[in-house]
Amino acid sequence: MMDLKDLTEAIKTGNRTQATSLTQEALDADLTPQSILDAMVVGMDEIGDKFKRNEVFVPEMLIAARAMNESMAILEPSLVKSGYKPLATAVIGTVQGDLHDIGKNLVSMMWKGSALNVIDLGTNVTPDKFVAAIKEHDAKLVGLSALLTTTMPSMKATVEAIKSEELSDVKILIGGAPVTQSFADQIGADGYSPDAASAVDSAHQLLGIR
Ligand code: B1M
C-alpha cells in the first residue's frame, strides 16, 4: 500500500513534480480523496510551522504552496465527486489603492492548502467589491491585505462597509507589513496576523474549526 508520508514530504519541500505524480498515484491506487488531501494539508502545516519558527522563508513557502495548488488541481475532481465540502468560504484581496499582492497571494495559497474555499479578488479591491463578493459567495471569512501606510484607511473603509451591511457572521482578518494588532482593534477587525502561516491559525480560530 502506498505511503502518503512521501506526498506530505513532497508538498513540504515544494517538489511539485513528485507531489503531482504521487497525488495521481494515490488516486490510481484508490486511496480516498480525503486521505490524500489530509496528507497534503499536513505538509502545508509543517512548512507553516517552520516558517513561524524562522527555519524557512517566503521562497520555501511559495514553492510549497505551488506544489499544493498543482496537486489540488489533480485531486479536486475526485474530491468534488466524493461529496467533499470545504470547511468554509473565504474572500481575500488587497485593499483599494494598493497593488502589492505577493503576501496576499501567499495567504490565499495557504488558506487553500488548509481546506478553505478561497475567492481571491486580486488587488486594488474597493469596499463595495468586497461586500458584493461576501454576499455572492456566502463567505464566513474575509481577508484584507495592505502594504502601504497610505492604503490603511482603505482597510478601515472596507471594515466599515462590511459592518454597515450587517454581515454579522463574517469574520474580518487583516494583515500586511504596516498593519498591527492595535490597528486591527482600532478599526474593528476581528483579527490580525503578522504572516501567512499565522493567518491559517487565525482563520481557523475565527471560524471555530479544527
Ligand atoms: Co512597493 N512599497 N510600492 N512595490 N514594495 C513597499 C511596501 C515599501 C515598504 C518599500 C519601501 O519604501 N521601503 C513602500 C511602502 C512604504 C510605506 O507605505 N510605508 C512601497 C512603496 C512606497 C511603493 C510605491 C508607492 C512606490 C512608488 O511607486 N513610488 C508603489 C505603490 C503601488 C501601489 O500599490 N499603488 C509600489 C510598488 C511596488 C511594486 C509594484 C514595484 C512591487 C509590488 C509587486 C507585487 O506585489 N506584485 C513592490 C514591492 C515588491 C515592494 C517590496 C519591495 C516588497 C513587498 C513584498 O512583496 N514583500 C516592499 C518593501 C519590502 O517589504 N521590503 C515595498 C514580501 C511579502 C511576502 O511580504 O506583503 O509583507 P508582505 O506579506 C507578509 C505579511 O505582511 C503578511 O504575510 C506575508 C508573509 O507571510 N500578510 C498578511 C500580508 N497580507 C496579509 C493578509 C493577512 C495576513 C497576513 O490576512 C488577510
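Look a little higher up for the structure.
Nothing here was measured: the structure is a model prediction, and the numbers come from that model.

Peer 1: For this particular structure, what's the right way to read the coordination of the cobalt atom of the ligand?
Peer 2: Four donors placed tetrahedrally about a metal ideally form angles of 109.5 degrees, and six donors placed octahedrally ideally form angles of 90 or 180 degrees. For the cobalt atom of the ligand, the protein contributes exactly one donor atom, H100 (NE2), at 2.2 Å. Its place among the elements puts H100 in the loop between β1 (89-94) and α5 (102-112).

Peer 1: How do you make sense of the environment of L87 when you look at a structure like this?
Peer 2: With respect to the element layout, L87 can be found in the loop between α4 (58-81) and β1. The exposure class assigned to L87 is partly exposed, which follows from its relative accessible area of 43%. Along the primary structure L87 and I209 are separated by 122 residues, whereas in three dimensions their C-alpha atoms are 7.7 Å apart. If we skip the residues at most four places from it in the chain, L87 touches S114, A115, L116, H204 and I209.

Peer 1: Please explain the packing of α5 against helix α9 (residues 196-207) as it appears in this structure.
Peer 2: To characterise two packed helices, one gives the angle between the axes of the helices and the distance between these axes. Axis separation between α5 and α9 bottoms out at 9 Å; the angle between their running directions is 50°. On the basis of the axis angle, α5 is oblique to α9. Between α5 and α9 lies a crossing whose hand is right-handed. In this structure, α5 uses L106, V107, M110 and W111 to contact α9, whose residues at the interface are A196, A197, A199, V200 and A203. Class assignment for the residues of the contact of α5 with α9 results in nine nonpolar, no polar and no charged.

Peer 1: In this structure, what is going on with the pairing of β1? I would like to understand it.
Peer 2: If a strand is regular, its side chains alternate between the two faces of the sheet. Summarising burial for β1: six of the six residues are buried, a large majority. What you see with β1 is no split at all: T89, V91 and G93 on one side and A90, I92 and T94 on the other are buried throughout. Where β1 meets strand β2 (residues 117-120), four bridges bridge the pair, whose relative direction is parallel. Within β2, the residue paired with T89 across the bridge is N117. Each parallel crossover has a hand, and for β1 linked through α5 to β2 it is right-handed. Relative to strand β3 (residues 141-145), β1 runs parallel, the two being bridged by five bridges. Paired with T94 across the two strands is S145, which belongs to β3.

Peer 1: How do you make sense of the sheet that holds β2 when you look at a structure like this?
Peer 2: Each strand in a sheet pairs with another by means of backbone hydrogen bonds, the pair being arranged parallel or else antiparallel. The strand order β2-β1-β3-β4-β5 describes an open sheet built from five strands, whose pairing is parallel. A single partner strand is all that each edge strand has here, and the edge strands are β2 and β5 (191-192). For β3 and strand β4 (residues 171-175), the ladder comprises five bridges, and the chain directions are parallel. Each bridged residue has a counterpart across the sheet, and for V142 the counterpart in β4 is I172. Sitting on the sheet, α5 touches β1, β2, β3 and β4, and the angle it makes with β1 is about 170°. The sheet strands contacting α9 are β3, β4 and β5, and the helix crosses β4 at an angle near 165°.

Peer 1: Help me understand the nonpolar core, please; the structure alone is not making it clear to me.
Peer 2: What tends to happen in soluble globular proteins is that the nonpolar side chains get buried as a cluster. In terms of nonpolar packing, the biggest core is built from 48 residues, with L7, W111 and L116 touching the most fellow members. Elements with a minimum of two residues in this core: α1 (5-12), α2 (16-28), α3 (33-52), α4, β1, α5 and α9. When near neighbours in sequence (up to four residues on either side) are disregarded, L116 contacts P86, L87, A88, W111, L141, A203, H204, L207 and I209. One finds V91, V95, V179 and A189 within the second-largest nonpolar core, a separate group that totals 27 residues.

Peer 1: Honestly, the pairing of β4 in this entry has me stumped. Any pointers?
Peer 2: Counting buried residues in β4 gives four out of five residues, a clear majority hidden from the surface. In terms of handedness, the path from β3 via helix α7 (residues 152-164) over to β4 forms a crossover that is right-handed. Here β4 runs beside β5; their pairing, made up of two bridges, is parallel. Residue pairing in the sheet places I174 in a bridge with Y192 of β5. Considered for its hand, the β-α-β crossover made up of β4, helix α8 (residues 181-187) and β5 is right-handed.

What counts, and at which threshold
- The numbers attached to residues start from 1 for each chain and follow its sequence in the written order.
- It should be noted that, the model being predicted, local features are given only for residues of pLDDT at least 70 and side-chain atom pairs only at 80 or more, the latter also being counted only at that level, while totals for whole chains, interfaces and linings use all residues.
- Note that the side-chain values use all heavy atoms of the structure and ignore hydrogens as well as water.
- Metal sites are built from N, O and S donor atoms within 2.8 Å, or 3.2 Å for Na, K and Ca, and they leave out water, so they may look incomplete.
- Helix numbers and strand numbers start at the N terminus; a helix is a DSSP run of H or I with at least 4 residues, a strand a run of E with at least 2.
- For every residue, the accessible area obtained with a 1.4 Å probe (protein chains only) is divided by the maximum for its type, and the residue is called buried under 20%, exposed over 50%, and partly exposed between those limits.
- Contacts between residues were defined by any pair of non-hydrogen atoms, one from each residue, lying within 4.5 Å.
- Throughout, an axis means a line fitted to C-alpha atoms (over the contacting stretch in the case of helices), and angles, computed between N-to-C directions, take values from 0 to 180 degrees.
- In these notes the angle categories are as follows: under 35 degrees is roughly parallel, over 145 is roughly antiparallel, 65 to 115 is roughly perpendicular, and the rest is oblique.
- Crossing handedness is defined as follows: a turn of the near helix away from the far one that is anticlockwise and smaller than a right angle gives a left-handed crossing, while the clockwise case is right-handed.
- In the scheme used here, Gly and all other residues not listed as nonpolar or charged are polar, with Ala, Val, Leu, Ile, Met, Phe, Trp, Tyr, Cys and Pro taken as nonpolar and Asp, Glu, Lys and Arg as charged.
- Only strands joined by at least two bridges in the DSSP assignment are considered to pair.
- Convention used here: a crossover is right-handed provided that the path from the first strand, over the helix, to the second strand proceeds clockwise when the strands point away from the viewer.
- Think of a nonpolar core as a cluster: buried Ala, Val, Leu, Ile, Met, Phe, Trp, Tyr and Cys residues, connected wherever their side-chain atoms sit within 4.5 Å.

Worth remembering: the numbers are spatial, not functional.
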